[in-house]
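# Fold and geometry: a report
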Amino acid sequence: MPIITLANSKQYEAALGTSLLDAALSAGLVLEHSCKTGRCSSCKARVVSGHTERLRPEEVLGTVDAEQGWILTCARAALDNVTLDIEDLGDLADYPARTWPARIQQIERVLHDVVKVTLRLPPTAKLRYLPGQYINVLGPDGLKRAYSIANATPGTAGPVELHIRAVEGGAMSAYWFGRAQANDLLRLHGPFGTFFLREAVGDHVVFLATGTGIAPVKAMLEQLAATPEDKRPASVTVYWGCRHPEEHYWTPTDDRLSVRFVPVASRPQEKWPGARGHVQTVFMADAPDLARTWVYACGSNDMIESAQHQLLAAGLPARRFHSDAFVVSG
Ligand SMILES: Cc1cc2nc3c(=O)[nH]c(=O)nc-3n(C[C@H](O)[C@H](O)[C@H](O)COP(=O)(O)OP(=O)(O)OC[C@H]3O[C@@H](n4cnc5c(N)ncnc54)[C@H](O)[C@@H]3O)c2cc1C
Ligand code: FES
């Protein structure tokens, strides 16, 4: 079986036909990832030596990327021994994915096109995850969709909160906005993803969210609120972009954590006194100290790509930019 070697010399076996990412996860090694379907580029890595085959399209990679040996580890399998120019994320993200039964405890319409769903797990279930991670919901008719967990309750069997936006013509949207009701039985599979807080004591933490991209941000803020003062960042700022001001259906109001909250509207009425435009532009207009800032971007792929491009060009070190794109997950 091919052996995969990482930049920190850790090794794992990868069966033919299994993605490099799945093989690593099965071996207990967590590599950077999000969608697992070749659509977000979180798992981008460079092949130093060896040969791989493509299991699914890698549309988010450009021609130049491919020529320079970049691949998506969720989209490629090894053909022989392969060396990758990436490291695993250590024990931090080591919460193995499992399947969990869950019942809808409450489903609440917070906007005409957003529902807040609370899922109840059996008392014996110990779903552990890092705030910021997502879970797959296995719904009716064999549907499977990814949703970020919007609350931080690691180590407990507490309820799981999801914020779900309706997608026009969407199969799972039809369920959430039509048929779903309290007590429905679903299954969850997860947790997944490597969108979680890195240590940033004394630095600034900035969240850029669009739409329901605020969900994992809420979970991370809850985690920060429960963190001792001497282990916290120097400041926390949340830029949350929606089209209209009334679409900001949630406000950070935890007394334990001081948060600068900047609601941003891209299509407000004339009289809106708040920030206008795109979150990444509003953030850059605040003249941030990028050398001392960690940025977490979540929501639309367009925002994430544009933010990453702008911020890295302005001097943000690449390792301080983390993102989770809500791309098609079906
Ligand atoms: C890691 C991850 C986390 C996510 N977390 C959340 C979350 O917390 N809240 C949330 O509301 N959504 C989230 N999503 C998106 C979610 O998983 C679904 O893709 C989305 O809700 C659409 O599902 P659907 O079954 O209604 O539509 P589908 O039946 O899958 O698609 C219907 C049509 O809409 C298009 N479409 C599907 N998804 C999207 C999309 N995301 N953006 C634009 N067009 C789309 C499809 O191309 C298709 O044409 C996440 C996605 C990923 C990958
Ligand atoms: S492209 Fe591989 S995890 Fe998203």
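Since the structure is predicted, the reported quantities are computational estimates derived from the model, not experimental observations. Throughout this description, residue numbers start from 1 for each chain and increase along the sequence as written. As they are written, the chains are lettered A onward and the ligands numbered 1 onward, keeping that order. In view of the model being predicted, local features appear only for residues whose pLDDT reaches at least 70, and side-chain atom pairs are presented and counted only at 80 or more, with totals across whole chains, interfaces and linings using the full set of residues.

## Thoughts on the overall build of the chain
For clarity, the threshold we go by: Under the scheme used here, helices are H or I runs from DSSP no shorter than 4 residues and strands are E runs no shorter than 2 residues, and both carry numbers assigned from the N terminus. Note that the radius of gyration is over C-alpha atoms, with the globule rule given as 2.2 Å times the number of residues to the power 0.38. Here, residue contact means that the backbone-derived C-beta atoms of the two residues sit within 7 Å.
Counting secondary structure elements, the chain contains six helices and 19 strands. Over its C-alpha atoms the chain spans a radius of gyration of 20 Å, differing by no more than 12% from the 20 Å that the globule rule assigns to 330 residues. A sequence separation of at least 24 residues applies to 69% of the contacts in the chain between residues at least 6 apart.

## Focus on the pairing of strand β3 (residues 44-49)
Moving residue by residue along a regular strand, the side chains alternate between the two faces of the sheet. Rules: Pairing between two strands requires that DSSP report at least two bridges joining them.
Sheet topology note: the β3/strand β5 (residues 70-72) ladder contains three bridges and is antiparallel. Looking at β5, one finds that K44 is bridged to L72. Inspection of the sheet shows β3 paired to strand β7 (residues 82-84) by two bridges, in the antiparallel sense. Bridge pairing in β7 places V47 opposite L84.

## Looking at the domain arrangement of the chain
Heads up, the rule is: Domain ranges listed in this record stem from an automatic or a database domain assignment. Residues are grouped as follows: Ala, Val, Leu, Ile, Met, Phe, Trp, Tyr, Cys and Pro are nonpolar; Asp, Glu, Lys and Arg are charged; all remaining types, including Gly, are polar.
For the chain, the domain assignment lists domain 1 (3-92), domain 2 (95-192) and domain 3 (204-325). Here the C-alpha centre of domain 3 lies 29 Å away from the C-alpha centre of domain 1. Taken together, the contacts link four residues of domain 1 with four residues of domain 3. Looking at side-chain class alone, the side of domain 1 that touches domain 3 contains two nonpolar, two polar and no charged residues.

## Structural notes on the site of ligand 1
Formally: Any residue qualifies as near a molecule or strand once its backbone-derived C-beta atom lies within 6 Å of it.
By nearness alone, 25 residues border ligand 1, and G170, M172, S173, S329 and G330 come closest of all. At the level of secondary structure, the elements contributing two or more residues to the shell around ligand 1 comprise β11 (144-148), β12 (160-165) and α3 (171-179). With four residues, the top contributor of residues to the shell around ligand 1 is β11. Of the residues contributing to the shell around ligand 1, the split by class is 12 nonpolar, 10 polar and three charged. When we break the shell around ligand 1 down by domain, the ones giving at least three residues each are domain 2 (95-192) and domain 3 (204-325).

## As for the sheet that holds β3
Note the cut-off: Fitted lines through C-alpha atoms give the axes, limited to the stretch in contact for helices. The angle between two N-to-C directions lies from 0 to 180 degrees.
With mixed pairing, five strands are arranged side by side in an open sheet as β2-β1-β7-β3-β5. Single-partner strands in this sheet number two, and they are β2 (11-13) and β5. Neighbour-to-neighbour, the strand axes of the sheet open up by a mean angle of 40 degrees, direction not taken into account. Sheet topology note: the strand β1 (residues 3-5)/β7 ladder contains two bridges and is parallel. Across the sheet, the residue bridging to T5 is T83, located in β7.

## Examining the sheet that holds strand β10 (residues 134-138)
Strand order across the open sheet formed by six strands is β11-β10-β13-β8-β9-β12, with antiparallel pairing between neighbours. This sheet does not close on itself; its edge strands, each paired only once, are β11 and β12. Across the sheet, the mean angle separating the axes of adjacent strands is 40 degrees when strand polarity is ignored. Two strands pair when backbone bridges link them, and strand β8 (residues 98-111) and strand β9 (residues 114-120) are joined in this way by seven bridges, in the antiparallel orientation. Among the inter-strand pairings, E108 is bridged to a residue of β9, identified as K116.

## Brief notes about unusual backbone geometry
Following G190, the chain continues into P191 via a peptide bond in cis, with omega recorded as 10 degrees. By the secondary structure assignment, P191 is in strand β13 (residues 185-192). The phi dihedral of S9 is positive, around 75 degrees, even though this residue is not glycine. Along the chain, the position of S9 falls in the loop between β1 and β2.

## Looking at helix α6 (residues 301-313)
The condition is simple: Take the number of residues in a helix, subtract one, and multiply by 1.5 Å to get its expected span. Residue burial is a threshold on neighbouring C-beta atoms within 10 Å of the residue's own C-beta, all placed from the backbone, with 20 or more meaning buried, 12 or fewer meaning exposed, and counts in between meaning partly exposed. Directions pointing from the helix axis toward each C-beta atom define the arc.
With 13 residues, α6 should reach 18 Å at 1.5 Å per residue; the first-to-last C-alpha distance of 18 Å fits that figure. Looking at α6, one finds that the buried residues are M303, I304, A307 and L311. Around the axis of α6, the buried residues are gathered within 95 degrees of arc, so they sit on the same side. α6 presents D302, H309 and A313 as exposed residues on the side facing more than 90 degrees away from its buried surface. Once α6 ends, the next one or two residues include G315, with phi positive near 115 degrees.

## A closer look at the environment of H248
The topology assignment puts H248 in the loop between β15 (235-242) and β16 (260-265). Considered as a pair, H248 and N8 are 240 residues apart in the sequence and their alpha carbons are 43 Å apart. With residues up to four places along the chain from it excluded, the contact list for H248 reads W240, C242 and P263.

## Some points on the pairing of β15
Keep this limit in mind: A clockwise path from the first strand over the helix to the second, with the strands pointing away from the viewer, defines a right-handed crossover.
Judged by how many residues are buried, β15 sits mostly within the fold: six of eight residues are covered. Bridge analysis of strand β14 (residues 204-210) against β15 gives seven bridges, and the strand direction is parallel. Its bridge partner lying in β15, V205 is registered against V236. Following the backbone out of β14, through helix α4 (residues 214-225) and into the adjacent parallel β15, one traces a crossover that is right-handed. Examined bridge by bridge, β15 and β16 share six bridges and lie parallel to one another. When the sheet's bridge partners are listed, G241 is paired in β16 with V264.

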